[in-house]
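Spelled out, the chains give:
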Amino acid sequence: MKALLLRSVLGLGLLAQTGLALAAEYSGALFDAHLHYNVEAWDGRTGPYPPSEAVARMQRNGVRGILSNSRPNDGTHTLAGSSEAKAAAVTVVPFVRVYRNRADYTNWFRDPSIYEMVQAELKRGTAAGPFKGIGEFHLYDSANARGPVAKQIVALAEQEGLALLGHVDDRAVELLMEASPSGGKQLRLIWAHTGIGGAPVERVRDLMERYPRLMGELSYRPGLVCSDAQLCPEWRALIERFPDRFMIGSDTWINQRWASYDDLMRDYRVWLGGLPQELAQRVAWGNAAALFGLQ
């Protein structure tokens, strides 16, 4: 027994010398700030992830709140009204998505019928209450942030106090902010993945400094985590500099992401465990809770 204990102590010492993280996984509540419940997961009658299965994945991973958006919006209405989410005490924050089908991905920013659909959904609301935002939307060409419908949606979001969830590059962030009535000072934009294609950390920092209500969602972010499963130093420094501006998300855009939901949330808990407790709680839950007025 003494020999085993000695080996354990020596092993811990070696781990410490090599710099490997020994922190326990973060154990608090999580808010999934980028969740899709698309027709492939559940079409209202069939699919591999009915509400009971989707919510079970959230519950066993300690996910107590979600930003829900779907293609079409029927999926979000289903989750918002599900008895399973209510029983599991999972708060659904509904967003209107700008897609009725995949064809809308490349044309929404100039299609007047999309703006009409968004207005109708906002008026309709959900069983969980009013919509709190618009998105996720994609801009594969940043110049399309100048599209007439994109500009209308930006103005509407700022006017109504809604958040936007945008899958865009760093230039499109600037164009969307410039299109807002306040010049980006009041627009609540959640930057999906905090930069498509890996915008440099210095560029992310610059945009965070310029736009006080820009939030970063961290799914799929290249360079975020290093080989020890902890945040890379430059990302840890950035999150420490802006402790109230980052959130986590699953981005269940395909069913494979639903299948790996447990692993996605576990990976977050590993690197969150390497942060100071207060900062970890903000990124895991508190920043999204503050944004959407949750307890």
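This is a predicted model, so every value here is computed, not measured. (Residues numbered from 1 in each chain as written. Predicted model: local features only at pLDDT ≥ 70, side-chain atom pairs only at ≥ 80, totals over all residues. Heavy atoms only, no water.)

Trainee: Tell me about the overall build of the protein chain, residues and numbers included.
Mentor: Looking only at helices and strands, the protein chain features 12 helices and eight strands. Its C-alpha radius of gyration of 20 Å places the protein chain within 12% of the 19 Å reference for a compact globule of 295 residues. Expressed as lengths along the three principal axes of its C-alpha atoms, the size of the protein chain is roughly 75 × 45 × 35 Å. Per-residue burial for the protein chain yields a buried fraction of 51% across its 295 residues. Here the analysis covers contacts within the protein chain between residues at least 6 apart in sequence; of these, 76% occur between residues at least 24 apart. Only carbon and sulfur atoms are counted for the fraction: they give 53% of the accessible area of the protein chain, which is about 13000 Å². (Helix = DSSP H or I, 4+ residues; strand = E, 2+ residues; numbered from the N terminus. Rg over C-alpha atoms; globule rule 2.2 N^0.38 Å. Buried < 20%, exposed > 50% of the residue type's maximum accessible area, 1.4 Å probe, protein only. Contact = heavy atoms within 4.5 Å. Areas by Shrake-Rupley, 256 points an atom, 1.4 Å probe, with all protein chains shown as cover.)

Trainee: So, the nonpolar core: which residues are in play, and what are the values?
Mentor: Counting 78 residues, the largest nonpolar core has Met58, Trp108, Trp271 and Leu272 as its most contacted members. Beyond its immediate chain neighbours, meaning those up to four positions away, Leu272 contacts Tyr26, Leu30, Ala280, Val283 and Ala284. Counting 16 residues, the second largest nonpolar core, distinct from the first, contains Leu67, Val93, Leu165 and Trp285. (Core = buried A, V, L, I, M, F, W, Y, C linked by side-chain atoms within 4.5 Å.)

Trainee: Which residues make up unusual backbone geometry, and what values do they have?
Mentor: Excluding glycine, most residues fall at negative phi; most peptide bonds, likewise, are trans. For the bond running from Arg71 to Pro72, omega is -10°, close enough to zero to count as cis. By the secondary structure assignment, Pro72 is in the loop between β2 (63-69) and α3 (74-80). Look at the link from Gly135 to Glu136: it is a cis peptide, with omega at 10°. You can see Glu136 is positioned in strand β4 (residues 133-138). Of note, Ala89 is a non-glycine position whose phi angle comes to about 60°, a positive value. Relative to the helices and strands, Ala89 is located in the loop between α4 (83-87) and β3 (91-96). Given the relative accessible area of 38%, Ala89 is considered partly exposed. You will see that Thr194, though not glycine, has its phi angle at about 50°, which is positive. Looking at where Thr194 falls in the secondary structure, it is placed in the loop between β6 (188-191) and α8 (201-210).

Trainee: Outline the packing of α8 against helix α9 (residues 233-241), listing residues and values.
Mentor: Where α8 contacts α9, the two axes come as close as 11 Å, and the packing angle between them is 5°. In terms of their interaxial angle, α8 and α9 are classed as roughly parallel. Between α8 and α9, the residues in contact are Val201, Val204, Arg205 and Glu209 and Glu234, Trp235, Leu238 and Arg241, respectively. Partitioned by chemical class, the residues of the contact of α8 with α9 number four nonpolar, no polar and four charged. (Axes fitted to C-alpha atoms, helices over the stretch in contact; angles between N-to-C directions. Parallel < 35°, antiparallel > 145°, perpendicular 65-115°, else oblique. Nonpolar A, V, L, I, M, F, W, Y, C, P; charged D, E, K, R; others polar.)

Trainee: Please provide a residue-by-residue account of the packing of helix α7 (residues 170-179) against α8, values included.
Mentor: As a packed pair, α7 and α8 sit with axes 11 Å apart at the nearest point and diverge in direction by 10°. With respect to each other, α7 and α8 are oriented roughly parallel. Contacts between α7 and α8 involve Asp170, Arg171, Val173 and Glu174 from the former and Arg203, Leu207 and Arg210 from the latter. Counted by class, the contact of α7 with α8 contains two nonpolar, no polar and five charged residues.

Trainee: Hey, could you go over the pattern of salt bridges for me, with residue numbers and the actual values?
Mentor: Summed over all chains, the structure comprises 20 salt bridges. Put simply, Arg203 and Asp206 hold a salt bridge, and the shortest N to O gap is 3.6 Å. On the criterion of helical spacing, the pair formed by Arg203 and Asp206 is a turn pair, its members being three residues apart in helix α8. With a relative accessible area of 29%, Asp206 lands in the partly exposed category. Among the charged side chains, a network of salt bridges with common partners joins Asp170, Arg171, Glu174, Glu178, Arg203, Asp206 and Arg210. (Salt bridge = Lys/Arg side-chain N within 4 Å of Asp/Glu carboxyl O.)

Trainee: With reference to specific residues and values, describe the packing of aromatic side chains.
Mentor: Overall, the coordinates contain 11 aromatic pairs when judged by the stated rule. Plain terms: the ring middles of Trp108 and Phe109 are 6.0 Å apart, the flat faces sit at 80° to each other, and that makes the pair edge-to-face. Classification of Trp108 as buried rests on a relative accessible area of 1%. The class of Phe109 is buried, set by a relative accessible area of 4%. With a centroid separation of 6.2 Å and an interplanar angle of 80°, the aromatic rings of Trp235 and Phe246 are classed as edge-to-face. Of the two residues, Trp235 is situated in helix α9 and Phe246 in strand β8 (residues 246-247); the sequence distance between them amounts to 11 residues. Take Trp235 and Phe246: they sit in the same class, and that class is buried. Aromatic rings pair up to connect Phe31, Phe95, Trp285 and Phe292 into one cluster. Cation over ring: Arg257 sits above Tyr220, and NZ or CZ is 4.1 Å from the ring centre. (Phe/Tyr/Trp six-rings, centres within 6.5 Å; stacked < 30°, edge-to-face > 60°. Lys NZ or Arg CZ within 6 Å of the ring centre and 35° of its normal.)

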